[in-house]
Amino acid sequence: MTFLQAIALGIIQGVTEFLPVSSSGHLVLFQNLLGLKDPELAFDVAVHMGTLAAVCIYFRKDIAAIVTQTGKWLFNSQWRSRQAAPSEVRIAGLIIAGSIPTAIMGIGFHGIGDLLFSSVLLVGFMLIVTGFWMWFTRYKQQPDLPNSGPGTGSALLIGIAQGMAIIPGVSRSGATIAAALYLGIDRTTAARFSFLLSIPAVAGAALLNAIDAPITGTARLPVILAGTAAAGTMGYAALSLLVYLVKKGKLAFFAPYCWIMGGLIVILAW
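Residues numbered from 1 in each chain as written. Predicted model: local features only at pLDDT ≥ 70, side-chain atom pairs only at ≥ 80, totals over all residues. Heavy atoms only, no water.

> I'd like to hear about the overall build of the protein chain, residue by residue, with values.
Helices and strands together make up the secondary structure of the protein chain, namely 13 helices and 0 strands. Scanning the protein chain from its N terminus toward the C terminus, one meets helices and strands in the order α-α-α-α-α-α-α-α-α-α-α-α-α. Counting over 270 residues, the protein chain shows a buried share of 48%. Contacts in the protein chain between residues far apart in sequence, at least 24 positions, make up 83% of those at least 6 positions apart. For the protein chain, the exposed surface amounts to about 13,200 Å²; the carbon and sulfur share of it is 69%. (Helix = DSSP H or I, 4+ residues; strand = E, 2+ residues; numbered from the N terminus. Buried < 20%, exposed > 50% of the residue type's maximum accessible area, 1.4 Å probe, protein only. Contact = heavy atoms within 4.5 Å. Areas by Shrake-Rupley, 256 points an atom, 1.4 Å probe, with all protein chains shown as cover.)

> Explain helix α10 (residues 172-182) residue by residue, including any values.
Counting buried positions along α10 gives 10 out of 11 residues, so the element sits mostly inside the fold. The set of residues buried in α10 consists of Arg172, Ser173, Gly174, Ala175, Thr176, Ile177, Ala178, Ala179, Ala180 and Leu181. A positive phi of about 90° marks glycine 184, the residue just after α10.

> Lay out the nonpolar core with the relevant residues and their values.
Ranked by size, the top nonpolar core spans 49 residues in total, and within it Val55, Ile177, Phe195, Leu242 and Leu251 carry the most contacts. Put simply, the parts of the chain that give this core at least two residues each are α3 (41-58), α6 (87-110), α8 (120-135), α9 (152-163), α10, α11 (187-212), α12 (221-247) and α13 (255-269). It is α11 that contributes the most residues to this core, 8 residues altogether. Within the second largest apolar cluster, 8 residues are counted, among which are Leu9, Phe43, Val47 and Val223. (Core = buried A, V, L, I, M, F, W, Y, C linked by side-chain atoms within 4.5 Å.)

> Just give me the short version of the packing of aromatic side chains, but keep the residues and values in it.
Applying the stated criterion across every chain yields a total of 10 aromatic pairs. Between the aromatic rings of phenylalanine 18 and phenylalanine 195, the centroid separation amounts to 5.7 Å while the plane-to-plane angle is 65°, which identifies the pairing as edge-to-face. One end of the pair, phenylalanine 18, is in helix α1 (residues 3-18); the other, phenylalanine 195, is in helix α11, with 177 residues separating them in the sequence. Each of the two residues, phenylalanine 18 as well as phenylalanine 195, counts as buried. Ring centres of tryptophan 135 and tryptophan 259 lie 5.5 Å apart, and the angle between their planes is 55°; on these two criteria the pair is classed as tilted. (Phe/Tyr/Trp six-rings, centres within 6.5 Å; stacked < 30°, edge-to-face > 60°.)

So, in structure tokens, the structure goes:
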């Protein structure tokens, strides 16, 4: 892998990880175009850590509040006995609930990951499906009450939607945000919960890949760091844009792109 290839793949990972156009689908496509049939494990893990850093920085205040309040709730029995569980503790519980089906699906599909990622045709079909999944959110009305957060059942269903993103061509952010909107959650809360839920999913996937095989790639450290920096920088910009568009009710804006890209892939790969 060359320096420019690493930066290019890092940019693609960063932009498509958060925009609802499927990062895995685009990586499969561009790795084939660049002739990188078997990308190095070290690089794959590193660019995912770059996008993970982006979402952690963007939601740093939320994460700090969740960790602080949950810690107090768990380890200070006197404080817990005097107060009801704060909203941050509830969010922590919902993130755990939503992560359970994602983890089960991720581990279950992990064994056939190579098969899934070898099919460019599958990428095309699933991008088209993702486009329709997002398009119909434009007909979903906002709930009467603002900040209508998910319940446990909704969190589990959103976690299932997130687990489906292991299939190349299915957008994680598109699937989870759309699922939240269909479940009656307001746009701001849907985007926030989707990306907070992504933190354990991305970290877990990277850990699973790192454990699955030894990191024996030949990429030089500067090449890996360049790709990671590109993924993190572009990921932060893409995340900021998507949160803005979701709040404006423009998630369906990405559907035509998914249809066009998916259709072209199907035609070329058929």
